[in-house]
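Take a look at the letters that make up each chain.
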Amino acid sequence: MEVRDPDKMRRARKNKRFTQRELGMLVRRTQTTIYKIENGQLKNISEDLAIALAARLGKDWEDLFVAHEDVATPVTSAVSTDNHKVPA
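A brief structural summary. Just so you know, these numbers come straight off a predicted model, no measurement behind them.

Conventions we followed
- Residues numbered from 1 in each chain as written.
- Predicted model: local features only at pLDDT ≥ 70, side-chain atom pairs only at ≥ 80, totals over all residues.
- Heavy atoms only, no water.
- Helix = DSSP H or I, 4+ residues; strand = E, 2+ residues; numbered from the N terminus.
- Polar contact = N/O pair within 3.5 Å; in protein donor to acceptor, adjacent residues only side chain to side chain.
- Contact = heavy atoms within 4.5 Å.
- Buried < 20%, exposed > 50% of the residue type's maximum accessible area, 1.4 Å probe, protein only.
- Arc of directions from axis to C-beta.

Turning next to the side chain of glutamine 20. Tracing the backbone through its elements, the reader meets glutamine 20 in helix H2 (residues 20-26). At a separation of 2.5 Å, a polar atom in the side chain of glutamine 20 contacts the side chain of glutamine 31. Leaving out residues up to four positions away in the same chain, glutamine 20 has contacts with Arg13, Gln31, Ile34, Tyr35 and Glu38.

Written as structure tokens, this is what we have:
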């Protein structure tokens with residue numbers, strides 16, 4: 001999951017009157033993790049953490065995060081179809 005807006009995360013935390021340390025403890029992460037999310041240093045987080053943060057902040061996860069869809073990339077073959085050799 002990608003953090004949609006780090007400033008929005010910070011405002012939501014402050015509106016709930018949590019310190020970074022308190023929020024970190026509630027979602028079983030460190031204060032440093034919360035700091036990095038709020039300052040844009042940690043842009044991608046696990047789905048579990050995103051859902052836990054949104055729940056503790058009283059927000060829908062879609063308001064705070066963008067889900068990354070797993071997109072299957074097509075596999076191309078690098079096998080040559082040229083079986084002809086030029087005589088020396």
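So, about the side chain of arginine 13. Tracing the backbone shows arginine 13 in helix H1 (residues 6-15). By relative accessible area, arginine 13 is classed as buried at 7%. The residues contacting arginine 13, other than those within four sequence positions of it, are Phe18, Thr19, Gln20, Leu23, Ile34, Glu38 and Leu57.

Taken together, the buried positions of helix H4 (residues 47-57) are Leu49, Ala50, Leu53, Ala54 and Leu57. Down the axis of H4, the buried side of the element spans an arc of 130 degrees, and every buried residue falls inside it. For H4, the exposed residues set more than 90 degrees away from the buried face come down to Glu47, Asp48 and Ala55. The elements touched by buried residues of H4 are H1, H2, helix H3 (31-38), helix H5 (61-64) and strand E2 (65-66). Phi turns positive, to about 70 degrees, at glycine 58, one or two residues after H4.

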